[in-house]
Amino acid sequence: MCEPRLVLAALPADVLDEIAYHTAVLDLLGPPHHLVALLCTCKRIYAVLCSQNNHHLYARIFVAKFDHRAARRRMGVKAGHASALASQLTRYCKAIRNIRSGDIYSPSITKDFLRAYALCLENDGKNAAQLRWAGLFEFAEQFILERLWEGRDTLQGWPVEDIDNSLALWLYWYSSSEDHFASKTREERDMFMELLRPYALYNFRYPPFFAPDNHAHLPLYGTPDAYRDHSTVTPHGFYPLYRDPALCTHTMRHYGRTLALAEPPLGLVAKLLYVALQEYNPVDTELLIPVDRDEAALLHTRGPTRADYAEFARTKAVRHPAPGDWRAAALLRARDRSPSMASDNDWERWYGCHNPWAPSPSHRAKYTFGSLTGLWGGRSLDPEILEYEYATNTRDFDADLVERAALNVPEHPLFFTLREHRARPGPAAALPHWQVHGRDPLNEGIMNAYLPRGWAGGFLATERAGALRIFQVGRGRQWVYETYAPGGKRGADDAGGGADAEMMDVDVDADAEERIGRARAQVQRALGDGMDVDELLESVASGSGSGSGPSRSRSRSHSTDSSGSSSGASDSDEPPRPRGAPPLDIILTGSTETRHALAWGNYHLYGRVRAWDGLIVLVRAPAPEPDVLSPFPERLEPYVFRGYLLGGANLVGAWRHVTDSVHTIPVEGPFVVSRVAVPPVAAVAVEGGAQAA
């Protein structure tokens, strides 16, 4: 007797959901290609399981394959709605599939690059695995080798600065590792450095900042044209360079929303990559100098020893991104610290700093208080002055000059210890900034790290009892800044929550999450297509959904994108941002440890953080007299270092000489430092607020 056959289409919808889910995740890497055959079985199965009718199934698949915590933390609870996750699954799968195809001339490459960049900033372990499956590092490398200098014949030979080139370099960085760079031959590294060199060295054409560094206060007033009237005219255009925001703003559908995003500075990542490649070249430690400091003392000689050069050779300026671990990402609990939190400030810059003339849509911090406290080490590169001046003053790019130049740019060790101080809340709590004079509205004190005029000699700063107290000499005014203590609270009350604040996550285990997901799917099927269950729950929780039924939900979510996700009131809606107190002013002080001062020079440092984008500005000046530590004190000069802390690990930017005018185009060079130790806590009086022990 024949047993009756079980018809697949006759199974209950929740059973079909389970079958579809486990079919989709047979291979966790890559798109859920096994699901296609199941969807093609019959019309009834397709109707139950297609993405338009079953957001919760595809949201479950997304959570199994991609990291989702960062989006919810940064964009709010709507980014965790099933409709948002389902739409994002489609977009991310298209992006990694297109990258895996290897077509660097794909018409969708800009969209694919934008989504891959978002995957990098949201990575907790799963995203990096998906991008490795897609072959992102090899794809970006091929693009750089074949297309980075493409189209330069239209710009007098200068390499193009656009969104594709920028993202190709950023994605190359995020997908790289020490093994990738260490495995390359010297010739291969030189080939990349030759392509990167103009972007890395020539700040006058490829600035590494989201807005000109000469401004401390943003948004700016007026229009770009008004600022150009005060700028210096060069063969490359105006200096400082004010870009049209329309040319540097790009849109992307992300978790059911349309976001306006900045173009990540190409000049910034080029500096990071150039230094990363150069530091694989060996440092000569077998010089005819004393072996160590003891021998130098016996010989009565000053300057670096072999031991100092050996330390420099061991100190890596560049820390490659940690790819994370898939298993660890899957086991993360809601109250755990996500690896992606290290990139929260980078995300906020990308999202909130695309237009220097408009208020930032992001009300969260672009810098986390406490991130720089400690000992930092790395290197700065010094471009050849004649080459730099020639490039500055010529309209046409001389590729032969790049080929003739030594790719291994002269470098200098950088070691300094930093401390951070935050203004306490209250009226007039922050130290005034540089006073802008009407005759030069572009000068907001960059040469003095945005600190007030007369800082050197006119102010006295003393650090004690966990605070930096700043006195204005002869005026009797005082400002008190809280000093960050290692191990203390980090950034939790900065600018609306800072980078450490998780947003409304509920700590549930995996089984409970599965049960909740199944229950929501059942409710969604009962509601039909007229309402999203997540919108209903949100309206009930907020007290706005009582008695309104589906019609109210429809009015709040009347626009749907091609993948069926709710997009809010309109396609151009930005995600709701948590509003907090204005960002508190942060001042930096620093010094050179004795062993580094004896080798490389004795400096003190002072600086400030620009709240709009987290730009870190440090003035490094010779230590006050008498200087008994510096080997050649007469050679020491003040420099201004400006840059961003990327991924919480690398301080990257450009140094410049202190000049009398912001309109003077200086020789500039890249620098990169990373944390190497935790300094001892000390407190001493500081002349001009610039030095602490």
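The shown structure was predicted, so the numbers you read here are calculated from the model rather than taken from an experiment.

Caption draft 1: Region of the structure containing the overall build of the protein chain. The secondary structure content of the protein chain amounts to 26 helices and 16 strands. Of all 693 residues assigned to the protein chain, the portion counted as buried reaches 55%. A sequence separation of at least 24 residues applies to 73% of the contacts in the protein chain between residues at least 6 apart. Split by element, the accessible area of the protein chain, about 29400 Å² in all, is 55% carbon and sulfur.

Caption draft 2: Molecular detail of the pattern of salt bridges. Counted according to the given criterion, the structure contains 21 salt bridges. Measuring nitrogen to oxygen at the nearest pair gives 2.8 Å for the salt bridge that ties Asp213 to Arg642. Taken together, the positions of Asp213 in the loop between α12 (186-201) and α13 (224-228) and Arg642 in strand β13 (residues 639-646) put the pair 429 residues apart, joining distant regions of the chain. You'll find Asp213 and Arg642 in the same group, each marked buried. Between Arg610 and Asp613 there is a salt bridge, and its shortest N-O distance comes to 2.8 Å. For the pair formed by Arg610 and Asp613, the shared burial category is buried. A single salt-bridge network, built from bridges that share partners, covers Arg73, Arg74 and Asp344.

Caption draft 3: The side chain of Arg364, seen in detail. Tracing the chain through its elements places Arg364 in the loop between α19 (344-352) and β5 (374-381). Of the side chains bearing the opposite charge, Glu348 lies closest to the buried Arg364, which forms no salt bridge; the N-O distance is 4.1 Å. From its side chain, Arg364 meets the backbone oxygen of Arg73 in a polar contact 3.0 Å long.

Caption draft 4: Looking closely at the nonpolar core. In this structure, Tyr202 and Ile470 are the most contacted members of the largest nonpolar core, which totals 162 residues. Here the element with the most residues in this core is helix α15 (residues 266-278); it accounts for 10 residues. If we ignore the near neighbours within four places in the chain, the residues touching Tyr202 are Trp158, Arg197, Glu387, Tyr388, Ala391, Phe397 and Leu401.

Caption draft 5: How the structure looks around the confidence of the model for the protein chain. Summary statistics for the protein chain give a mean pLDDT of 84 and a share of 81% for residues scoring 70 or more. Within the model, the stretch residues 492-510 combines pLDDT values under 50 with 55 contacts to residues more than four positions away or in other chains. Counted against residues more than four places away or in other chains, residues 544-580, with its pLDDT under 50, gives 83 contacts.

Caption draft 6: Spotlight on empty space enclosed by the protein. One pass over the structure, following the stated rule, counts nine cavities of 30 Å³ or more. What the largest cavity holds in volume is close to 440 Å³. Every residue lining the largest cavity is counted, 31 residues in all, and those nearest its centre are Pro207, Phe209, Phe210, Leu241 and Arg243. Considered class by class, the residues forming the lining of the largest cavity number 20 nonpolar, three polar and eight charged.

Caption draft 7: Main features of the pairing of strand β4 (residues 257-262). Of all six residues that make up β4, six are buried, and the element is covered over most of its length. Alternating positions in β4 separate into two faces, Arg257, Leu259 and Leu261 on one and Thr258, Ala260 and Ala262 on the other, with burial throughout. A loop of two residues connects strand β3 (residues 249-254) with β4, the two strands running antiparallel in sequence, and Tyr255 in this loop sits at a positive phi of about 50°.

Caption draft 8: Spatial organisation of the environment of Ala59. Mapped onto the fold, Ala59 is located in helix α4 (residues 55-65). For Ala59, a relative accessible area of 7% corresponds to the buried category. A sequence separation of 30 residues divides Ala59 from Leu89, and the C-alpha atoms of the two residues are 7.5 Å apart. In this structure Ala59 touches Ala82, Leu85 and Ala86, once residues within four positions along its chain are discounted.

The rules behind these values
Residues numbered from 1 in each chain as written. Predicted model: local features only at pLDDT ≥ 70, side-chain atom pairs only at ≥ 80, totals over all residues. Heavy atoms only, no water. Helix = DSSP H or I, 4+ residues; strand = E, 2+ residues; numbered from the N terminus. Buried < 20%, exposed > 50% of the residue type's maximum accessible area, 1.4 Å probe, protein only. Contact = heavy atoms within 4.5 Å. Areas by Shrake-Rupley, 256 points an atom, 1.4 Å probe, with all protein chains shown as cover. Salt bridge = Lys/Arg side-chain N within 4 Å of Asp/Glu carboxyl O. Lys, Arg positive; Asp, Glu negative; His and termini not counted. Polar contact = N/O pair within 3.5 Å; in protein donor to acceptor, adjacent residues only side chain to side chain. Core = buried A, V, L, I, M, F, W, Y, C linked by side-chain atoms within 4.5 Å. pLDDT = per-residue confidence, 0-100. 1 Å grid on protein atoms, 1.4 Å probe; cavity = no way out; pocket = protein on both sides within 12 Å on 5 of 7 lines; lining within 4 Å. Points joined across faces, edges and corners; volume = space filled by probe spheres on them. Nonpolar A, V, L, I, M, F, W, Y, C, P; charged D, E, K, R; others polar. Pairing = 2+ DSSP bridges.

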